Amino acid sequence: MSVKNAMDRLQLPKPISAGIILSYKCSSTCKHCMYACSPRWSGDWPTEKNIELVLRQLASSIKPSPYGREKVSLNHGLHFTGGEPFLNFKLLLNAVKTADELRIPSTFAETNCFWCVNDEQAREKLTALKQAGLKGMLISVNPFILEQVPFERTERAINISKEIFDGNTMIYQETYYHRFKSIRIRNTLTLDKYLEKDRWALRYSELLPMGRACYRLRHLFVKYPAKAFFDESCISELTRNWHIHVDNYFNYMPGYCGGISLGDARDLDALTQGVDLQDKPVLRMLVESIGNLYEFAAREFNYREKEEGYISKCHLCIDIRRHMVQQTDEYKELRPRELYFNLE
Ligand code: SF4
Ligand code: SF4
(Lines give C-alpha, C1' and ligand atoms only; values in the text may rest on other atoms or scores of the structure.)
(Ligands and ions follow the chains in the order given, each with its own letter.)
Protein backbone atom coordinates (compact mmCIF):
# COMPACT_ATOMS: atom_id res chain seq x y z
CA MET A 1 0.00 0.00 0.00
CA SER A 2 1.36 3.45 -0.86
CA VAL A 3 2.05 6.11 1.77
CA LYS A 4 -0.28 8.46 -0.14
CA ASN A 5 -3.27 6.07 0.16
CA ALA A 6 -2.49 5.52 3.80
CA MET A 7 -2.88 9.17 4.81
CA ASP A 8 -6.49 8.87 5.96
CA ARG A 9 -6.85 5.17 6.49
CA LEU A 10 -4.31 2.56 7.48
CA GLN A 11 -5.05 -0.85 5.97
CA LEU A 12 -4.17 -3.57 8.45
CA PRO A 13 -3.79 -7.20 7.50
CA LYS A 14 -5.12 -9.87 9.87
CA PRO A 15 -2.36 -10.93 12.26
CA ILE A 16 -0.73 -14.31 11.67
CA SER A 17 1.10 -14.30 15.02
CA ALA A 18 0.45 -12.42 18.23
CA GLY A 19 1.41 -11.93 21.85
CA ILE A 20 -1.10 -11.32 24.61
CA ILE A 21 0.31 -8.99 27.27
CA LEU A 22 -1.55 -10.18 30.38
CA SER A 23 -0.22 -7.22 32.37
CA TYR A 24 2.68 -4.77 32.28
CA LYS A 25 3.44 -5.67 35.88
CA CYS A 26 6.71 -7.53 36.18
CA SER A 27 8.99 -8.82 38.92
CA SER A 28 11.90 -7.08 37.14
CA THR A 29 12.69 -3.64 35.74
CA CYS A 30 14.99 -4.59 32.88
CA LYS A 31 17.01 -1.83 31.30
CA HIS A 32 16.15 -3.06 27.80
CA CYS A 33 12.40 -3.61 28.29
CA MET A 34 10.50 -2.52 25.16
CA TYR A 35 7.24 -2.17 27.12
CA ALA A 36 8.70 -0.38 30.16
CA CYS A 37 7.39 -3.08 32.49
CA SER A 38 8.18 -3.13 36.21
CA PRO A 39 6.76 -3.98 39.65
CA ARG A 40 5.50 -0.38 39.87
CA TRP A 41 2.75 -0.87 37.27
CA SER A 42 -0.82 -1.31 38.44
CA GLY A 43 -1.73 -4.99 37.97
CA ASP A 44 -4.91 -4.45 35.98
CA TRP A 45 -5.14 -8.07 34.88
CA PRO A 46 -7.94 -8.67 32.38
CA THR A 47 -10.91 -10.85 33.25
CA GLU A 48 -11.06 -14.35 31.80
CA LYS A 49 -14.10 -13.29 29.80
CA ASN A 50 -12.23 -10.41 28.20
CA ILE A 51 -9.28 -12.63 27.35
CA GLU A 52 -11.69 -14.99 25.65
CA LEU A 53 -13.15 -12.09 23.65
CA VAL A 54 -9.70 -11.19 22.32
CA LEU A 55 -8.70 -14.80 21.64
CA ARG A 56 -11.89 -15.39 19.67
CA GLN A 57 -10.98 -12.44 17.46
CA LEU A 58 -7.52 -13.81 16.79
CA ALA A 59 -8.33 -17.52 16.52
CA SER A 60 -9.06 -17.70 12.80
CA SER A 61 -6.01 -15.80 11.53
CA ILE A 62 -3.19 -17.13 13.74
CA LYS A 63 -0.91 -19.42 11.75
CA PRO A 64 0.96 -22.40 13.17
CA SER A 65 4.71 -22.83 13.28
CA PRO A 66 6.12 -24.07 9.92
CA TYR A 67 6.88 -27.31 11.79
CA GLY A 68 3.23 -27.90 12.68
CA ARG A 69 0.52 -26.72 15.09
CA GLU A 70 1.93 -28.76 17.96
CA LYS A 71 5.35 -27.06 17.55
CA VAL A 72 6.40 -23.52 18.43
CA SER A 73 8.48 -20.81 16.79
CA LEU A 74 9.11 -17.23 17.80
CA ASN A 75 7.13 -15.47 15.09
CA HIS A 76 4.28 -17.93 14.63
CA GLY A 77 1.32 -18.93 16.74
CA LEU A 78 0.20 -17.11 19.85
CA HIS A 79 2.08 -16.39 23.05
CA PHE A 80 1.21 -15.21 26.53
CA THR A 81 3.56 -12.61 27.88
CA GLY A 82 3.82 -9.50 30.04
CA GLY A 83 5.22 -8.11 32.11
CA GLU A 84 5.58 -11.43 33.78
CA PRO A 85 2.61 -13.74 33.13
CA PHE A 86 3.59 -16.13 35.95
CA LEU A 87 2.72 -13.38 38.48
CA ASN A 88 -0.89 -14.43 37.89
CA PHE A 89 -0.55 -18.14 37.23
CA LYS A 90 -4.25 -18.90 37.57
CA LEU A 91 -5.13 -16.41 34.86
CA LEU A 92 -2.34 -17.67 32.62
CA LEU A 93 -3.54 -21.25 33.03
CA ASN A 94 -7.14 -20.35 32.18
CA ALA A 95 -6.05 -18.27 29.19
CA VAL A 96 -4.11 -21.28 27.88
CA LYS A 97 -7.19 -23.50 28.31
CA THR A 98 -9.31 -21.02 26.38
CA ALA A 99 -6.76 -20.79 23.57
CA ASP A 100 -6.72 -24.58 23.38
CA GLU A 101 -10.53 -24.78 23.25
CA LEU A 102 -10.44 -22.28 20.39
CA ARG A 103 -7.85 -24.49 18.64
CA ILE A 104 -5.28 -21.71 18.40
CA PRO A 105 -2.06 -23.35 17.18
CA SER A 106 1.55 -23.15 18.39
CA THR A 107 0.88 -21.50 21.75
CA PHE A 108 3.69 -20.68 24.16
CA ALA A 109 4.32 -18.64 27.31
CA GLU A 110 7.24 -16.29 27.86
CA THR A 111 8.88 -15.93 31.27
CA ASN A 112 11.84 -14.38 33.08
CA CYS A 113 11.86 -17.42 35.47
CA PHE A 114 11.74 -15.40 38.71
CA TRP A 115 9.24 -17.93 40.09
CA CYS A 116 11.40 -20.98 39.42
CA VAL A 117 12.71 -21.31 42.98
CA ASN A 118 12.68 -25.11 43.23
CA ASP A 119 12.28 -28.14 40.98
CA GLU A 120 8.98 -29.21 42.45
CA GLN A 121 7.27 -25.90 41.83
CA ALA A 122 8.72 -25.58 38.35
CA ARG A 123 7.60 -29.09 37.38
CA GLU A 124 4.13 -28.58 38.85
CA LYS A 125 3.47 -25.31 37.00
CA LEU A 126 4.89 -26.37 33.65
CA THR A 127 3.03 -29.69 33.78
CA ALA A 128 -0.24 -27.87 34.52
CA LEU A 129 0.33 -25.58 31.53
CA LYS A 130 1.11 -28.51 29.25
CA GLN A 131 -2.04 -30.33 30.41
CA ALA A 132 -4.05 -27.17 29.75
CA GLY A 133 -2.93 -27.31 26.12
CA LEU A 134 0.18 -25.09 26.00
CA LYS A 135 2.59 -26.26 23.31
CA GLY A 136 5.85 -24.75 24.51
CA MET A 137 7.86 -22.19 26.48
CA LEU A 138 10.01 -19.19 25.70
CA ILE A 139 12.65 -18.64 28.37
CA SER A 140 14.27 -15.21 28.42
CA VAL A 141 18.02 -15.17 28.99
CA ASN A 142 20.02 -11.95 28.85
CA PRO A 143 22.27 -9.80 31.06
CA PHE A 144 19.41 -7.43 31.92
CA ILE A 145 17.26 -10.13 33.48
CA LEU A 146 20.40 -11.54 35.11
CA GLU A 147 20.60 -8.33 37.15
CA GLN A 148 17.46 -9.44 39.02
CA VAL A 149 16.83 -13.14 38.45
CA PRO A 150 19.44 -15.65 39.73
CA PHE A 151 20.81 -17.70 36.82
CA GLU A 152 20.08 -20.95 38.72
CA ARG A 153 16.36 -20.26 38.29
CA THR A 154 16.79 -19.73 34.55
CA GLU A 155 18.75 -22.98 34.22
CA ARG A 156 16.12 -24.82 36.24
CA ALA A 157 13.31 -23.51 34.04
CA ILE A 158 15.18 -24.52 30.89
CA ASN A 159 15.99 -28.03 32.14
CA ILE A 160 12.50 -28.76 33.40
CA SER A 161 10.85 -27.19 30.38
CA LYS A 162 12.94 -29.46 28.14
CA GLU A 163 11.73 -32.42 30.22
CA ILE A 164 8.08 -31.42 29.85
CA PHE A 165 7.87 -29.64 26.50
CA ASP A 166 10.78 -31.47 24.89
CA GLY A 167 11.90 -29.69 21.68
CA ASN A 168 9.34 -26.94 22.24
CA THR A 169 11.57 -24.99 24.63
CA MET A 170 12.89 -21.80 23.06
CA ILE A 171 15.70 -19.88 24.72
CA TYR A 172 15.95 -16.23 23.81
CA GLN A 173 18.79 -15.45 23.55
CA GLU A 174 20.61 -18.75 23.33
CA THR A 175 24.01 -17.01 22.93
CA TYR A 176 23.71 -15.61 26.43
CA TYR A 177 22.70 -18.94 27.88
CA HIS A 178 25.90 -20.56 26.60
CA ARG A 179 28.06 -17.59 27.59
CA PHE A 180 26.62 -17.52 31.13
CA LYS A 181 27.26 -21.25 31.48
CA SER A 182 30.76 -21.05 30.09
CA ILE A 183 31.81 -18.40 32.61
CA ARG A 184 29.94 -20.27 35.38
CA ILE A 185 27.61 -17.50 36.45
CA ARG A 186 25.79 -18.02 39.73
CA ASN A 187 23.11 -15.89 41.34
CA THR A 188 22.52 -12.39 39.95
CA LEU A 189 25.08 -10.03 38.44
CA THR A 190 24.93 -6.33 37.62
CA LEU A 191 25.33 -5.39 33.97
CA ASP A 192 28.65 -3.64 34.66
CA LYS A 193 30.06 -6.66 36.48
CA TYR A 194 28.89 -8.98 33.71
CA LEU A 195 30.50 -6.81 31.04
CA GLU A 196 33.76 -6.88 33.05
CA LYS A 197 33.70 -10.67 32.73
CA ASP A 198 32.48 -10.82 29.13
CA ARG A 199 33.12 -7.45 27.56
CA TRP A 200 32.22 -8.28 23.94
CA ALA A 201 28.98 -10.12 24.76
CA LEU A 202 26.61 -7.39 23.59
CA ARG A 203 28.19 -7.41 20.12
CA TYR A 204 27.00 -10.93 19.45
CA SER A 205 23.41 -10.49 20.48
CA GLU A 206 20.25 -8.70 19.50
CA LEU A 207 19.45 -5.53 21.43
CA LEU A 208 16.60 -3.51 19.96
CA PRO A 209 17.07 0.26 20.44
CA MET A 210 13.48 0.79 21.60
CA GLY A 211 11.48 1.37 24.79
CA ARG A 212 13.43 1.69 28.03
CA ALA A 213 16.76 0.89 26.30
CA CYS A 214 16.58 4.39 24.76
CA TYR A 215 17.02 5.84 28.25
CA ARG A 216 18.81 3.25 30.36
CA LEU A 217 21.20 1.83 27.76
CA ARG A 218 21.82 4.77 25.45
CA HIS A 219 25.49 4.92 26.55
CA LEU A 220 26.05 1.66 24.65
CA PHE A 221 24.94 3.05 21.27
CA VAL A 222 26.20 5.53 18.69
CA LYS A 223 23.98 8.65 18.69
CA TYR A 224 22.68 10.68 15.77
CA PRO A 225 21.01 14.09 15.42
CA ALA A 226 17.20 14.07 15.09
CA LYS A 227 17.35 15.04 11.42
CA ALA A 228 19.07 11.72 10.60
CA PHE A 229 15.63 10.09 11.03
CA PHE A 230 13.32 12.75 9.58
CA ASP A 231 12.73 10.99 6.25
CA GLU A 232 11.72 7.67 7.80
CA SER A 233 8.15 6.40 7.62
CA CYS A 234 6.91 3.60 9.88
CA ILE A 235 4.24 2.28 7.56
CA SER A 236 5.79 -1.17 7.30
CA GLU A 237 6.19 -1.56 11.09
CA LEU A 238 2.67 -0.25 11.76
CA THR A 239 1.06 -2.61 9.28
CA ARG A 240 3.06 -5.77 9.79
CA ASN A 241 1.00 -8.90 10.37
CA TRP A 242 3.41 -10.89 12.53
CA HIS A 243 4.22 -10.73 16.24
CA ILE A 244 1.69 -7.99 16.96
CA HIS A 245 0.66 -7.50 20.61
CA VAL A 246 -2.64 -7.03 22.38
CA ASP A 247 -2.35 -5.72 25.92
CA ASN A 248 -4.56 -6.03 28.99
CA TYR A 249 -6.32 -2.77 28.06
CA PHE A 250 -7.18 -4.25 24.60
CA ASN A 251 -4.74 -1.96 22.80
CA TYR A 252 -3.77 -3.51 19.47
CA MET A 253 -0.09 -2.71 19.17
CA PRO A 254 2.00 -3.03 16.05
CA GLY A 255 5.02 -5.26 16.56
CA TYR A 256 7.33 -3.87 19.22
CA CYS A 257 6.02 -0.29 19.27
CA GLY A 258 5.21 -0.01 22.96
CA GLY A 259 2.80 2.82 23.79
CA ILE A 260 1.18 2.93 20.33
CA SER A 261 -2.38 1.67 20.01
CA LEU A 262 -4.00 1.09 16.62
CA GLY A 263 -7.38 0.54 18.27
CA ASP A 264 -9.48 -1.89 20.28
CA ALA A 265 -8.50 -5.52 19.69
CA ARG A 266 -11.97 -6.69 20.73
CA ASP A 267 -13.18 -5.55 17.33
CA LEU A 268 -10.49 -6.88 15.04
CA ASP A 269 -12.83 -7.02 12.04
CA ALA A 270 -13.37 -3.26 12.25
CA LEU A 271 -9.62 -2.69 12.68
CA THR A 272 -8.74 -4.78 9.66
CA GLN A 273 -11.21 -2.83 7.56
CA GLY A 274 -8.88 0.12 8.08
CA VAL A 275 -7.74 2.34 10.95
CA ASP A 276 -9.10 5.85 10.60
CA LEU A 277 -6.10 8.20 10.81
CA GLN A 278 -8.12 11.42 10.73
CA ASP A 279 -8.69 11.28 14.47
CA LYS A 280 -5.21 9.81 15.20
CA PRO A 281 -2.79 12.51 14.05
CA VAL A 282 0.29 11.00 15.71
CA LEU A 283 -0.24 7.73 13.86
CA ARG A 284 -0.76 9.62 10.63
CA MET A 285 2.49 11.51 11.08
CA LEU A 286 4.36 8.26 11.81
CA VAL A 287 3.03 6.92 8.51
CA GLU A 288 4.08 10.10 6.68
CA SER A 289 7.48 10.75 8.26
CA ILE A 290 9.09 11.11 11.66
CA GLY A 291 10.15 14.61 10.55
CA ASN A 292 6.47 15.62 10.44
CA LEU A 293 5.95 14.37 14.00
CA TYR A 294 9.05 16.24 15.16
CA GLU A 295 7.90 19.52 13.59
CA PHE A 296 4.42 19.13 15.05
CA ALA A 297 5.74 18.41 18.56
CA ALA A 298 8.20 21.30 18.36
CA ARG A 299 5.45 23.70 17.26
CA GLU A 300 2.55 22.54 19.44
CA PHE A 301 4.32 21.12 22.50
CA ASN A 302 7.62 22.98 22.55
CA TYR A 303 9.58 19.76 22.06
CA ARG A 304 13.33 20.44 21.86
CA GLU A 305 15.96 18.21 20.30
CA LYS A 306 18.20 16.38 22.76
CA GLU A 307 21.74 17.68 22.51
CA GLU A 308 23.19 14.25 23.17
CA GLY A 309 21.37 12.79 20.13
CA TYR A 310 19.27 9.68 19.53
CA ILE A 311 20.22 6.04 19.25
CA SER A 312 17.50 5.18 16.69
CA LYS A 313 14.34 6.45 15.02
CA CYS A 314 12.40 4.67 17.77
CA HIS A 315 14.29 6.72 20.38
CA LEU A 316 13.29 9.97 18.69
CA CYS A 317 9.73 8.67 18.30
CA ILE A 318 9.23 7.58 21.90
CA ASP A 319 10.93 10.68 23.30
CA ILE A 320 8.53 12.92 21.36
CA ARG A 321 5.54 10.78 22.35
CA ARG A 322 6.57 10.84 26.01
CA HIS A 323 6.93 14.63 25.90
CA MET A 324 3.41 14.94 24.46
CA VAL A 325 1.80 12.46 26.87
CA GLN A 326 3.27 14.36 29.80
CA GLN A 327 1.29 17.40 28.67
CA THR A 328 -1.96 15.99 27.32
CA ASP A 329 -4.15 12.89 27.23
CA GLU A 330 -5.91 13.84 24.00
CA TYR A 331 -4.17 11.31 21.73
CA LYS A 332 -5.95 7.99 21.97
CA GLU A 333 -3.28 6.32 19.85
CA LEU A 334 -0.76 6.96 22.65
CA ARG A 335 -1.83 4.19 25.03
CA PRO A 336 -1.36 2.94 27.63
CA ARG A 337 -0.37 6.27 29.16
CA GLU A 338 1.26 4.58 32.14
CA LEU A 339 4.00 3.22 29.85
CA TYR A 340 5.29 6.74 29.25
CA PHE A 341 5.77 7.27 32.99
CA ASN A 342 7.74 4.06 33.47
CA LEU A 343 10.44 4.45 30.86
CA GLU A 344 13.33 5.32 33.17
S1 SF4 B 1 12.07 -7.47 29.64
FE2 SF4 B 1 10.65 -9.02 30.40
S3 SF4 B 1 11.40 -9.52 32.43
FE4 SF4 B 1 12.33 -7.60 31.87
S5 SF4 B 1 10.99 -5.98 32.70
FE6 SF4 B 1 10.35 -6.38 30.59
S7 SF4 B 1 8.74 -7.89 30.75
FE8 SF4 B 1 9.86 -7.92 32.69
S1 SF4 C 1 9.73 4.87 15.20
FE2 SF4 C 1 7.96 4.62 16.57
S3 SF4 C 1 6.32 3.82 15.28
FE4 SF4 C 1 8.22 3.58 14.16
S5 SF4 C 1 8.90 1.48 14.59
FE6 SF4 C 1 9.88 2.84 16.11
S7 SF4 C 1 8.51 2.89 17.88
FE8 SF4 C 1 7.36 2.05 16.13
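It should be emphasised that the depicted structure is a prediction, and the values quoted were computed from it without experimental measurement. (Residues numbered from 1 in each chain as written. Chains lettered and ligands numbered in written order. Predicted model: local features only at pLDDT ≥ 70, side-chain atom pairs only at ≥ 80, totals over all residues. Heavy atoms only, no water.)

1. Structural notes on the site of ligand 1
For step 1, the next point in the chain: For ligand 1, the full set of nearby residues is Cys 26, Ser 28, Cys 30, His 32, Cys 33, Cys 37, Gly 83, Asn 112 and Ile 145.
For step 2, the next point in the chain: Grouping the amino acids of the shell around ligand 1 by side-chain chemistry returns 5 nonpolar, 4 polar and no charged. (Near = heavy atom within 4 Å. Nonpolar A, V, L, I, M, F, W, Y, C, P; charged D, E, K, R; others polar.)

2. Focus on the nonpolar core
For step 1, the next point in the chain: The biggest cluster of nonpolar side chains holds 113 residues, and the ones touching the most others in it are Phe 80 and Leu 129.
For step 2, the next point in the chain: For this core, the element with the most residues is helix H2 (residues 89-101), which contributes 7 residues.
For step 3, the next point in the chain: Both of domain 1 (15-207) and domain 2 (214-235 + 269-344) provide at least three residues apiece to this core.
For step 4, the next point in the chain: Not counting residues up to four positions away in its chain, the partners in contact with Phe 80 are Ile 20, Leu 22, Leu 55, Pro 85, Leu 92, Ala 95, Val 96, Ala 99, Phe 108, Ala 109 and Glu 110. (Core = buried A, V, L, I, M, F, W, Y, C linked by side-chain atoms within 4.5 Å. Buried < 20%, exposed > 50% of the residue type's maximum accessible area, 1.4 Å probe, protein only. Helix = DSSP H or I, 4+ residues; strand = E, 2+ residues; numbered from the N terminus. Domains from an automatic or database assignment. Contact = heavy atoms within 4.5 Å.)

3. Description of the site of ligand 2
For step 1, the next point in the chain: All residues in the neighbourhood of ligand 2 are listed as Cys 234, Glu 237, Cys 257, Ile 260, Leu 286, Ile 290, Lys 313, Cys 314, Cys 317 and Arg 321.
For step 2, the next point in the chain: For the shell around ligand 2, the element with the highest residue contribution is helix H13 (residues 313-325), accounting for 4 residues.
For step 3, the next point in the chain: Along the lines of polarity and charge, the residues of the shell around ligand 2 split into 7 nonpolar, no polar and 3 charged.

4. Digging into the sheet that holds strand E6 (residues 169-172)
For step 1, the next point in the chain: Pairing is mixed in the open sheet, where 7 strands are placed in the order E6-E5-E4-E3-E2-E7-E8. At either end of the open sheet lies a strand with only one pairing partner, and these are E6 and strand E8 (252-253).
For step 2, the next point in the chain: Helix H1 (residues 48-59) contacts strand E2 (17-21), strand E3 (77-81) and strand E7 (244-246) of the sheet and is inclined by roughly 175° relative to E2.
For step 3, the next point in the chain: Across the face of the sheet, helix H5 (residues 151-165) comes into contact with strand E5 (136-140) and E6 while running at roughly 165° to E5. (Pairing = 2+ DSSP bridges. Axes fitted to C-alpha atoms, helices over the stretch in contact; angles between N-to-C directions.)

Geometric values such as these leave the question of function open.
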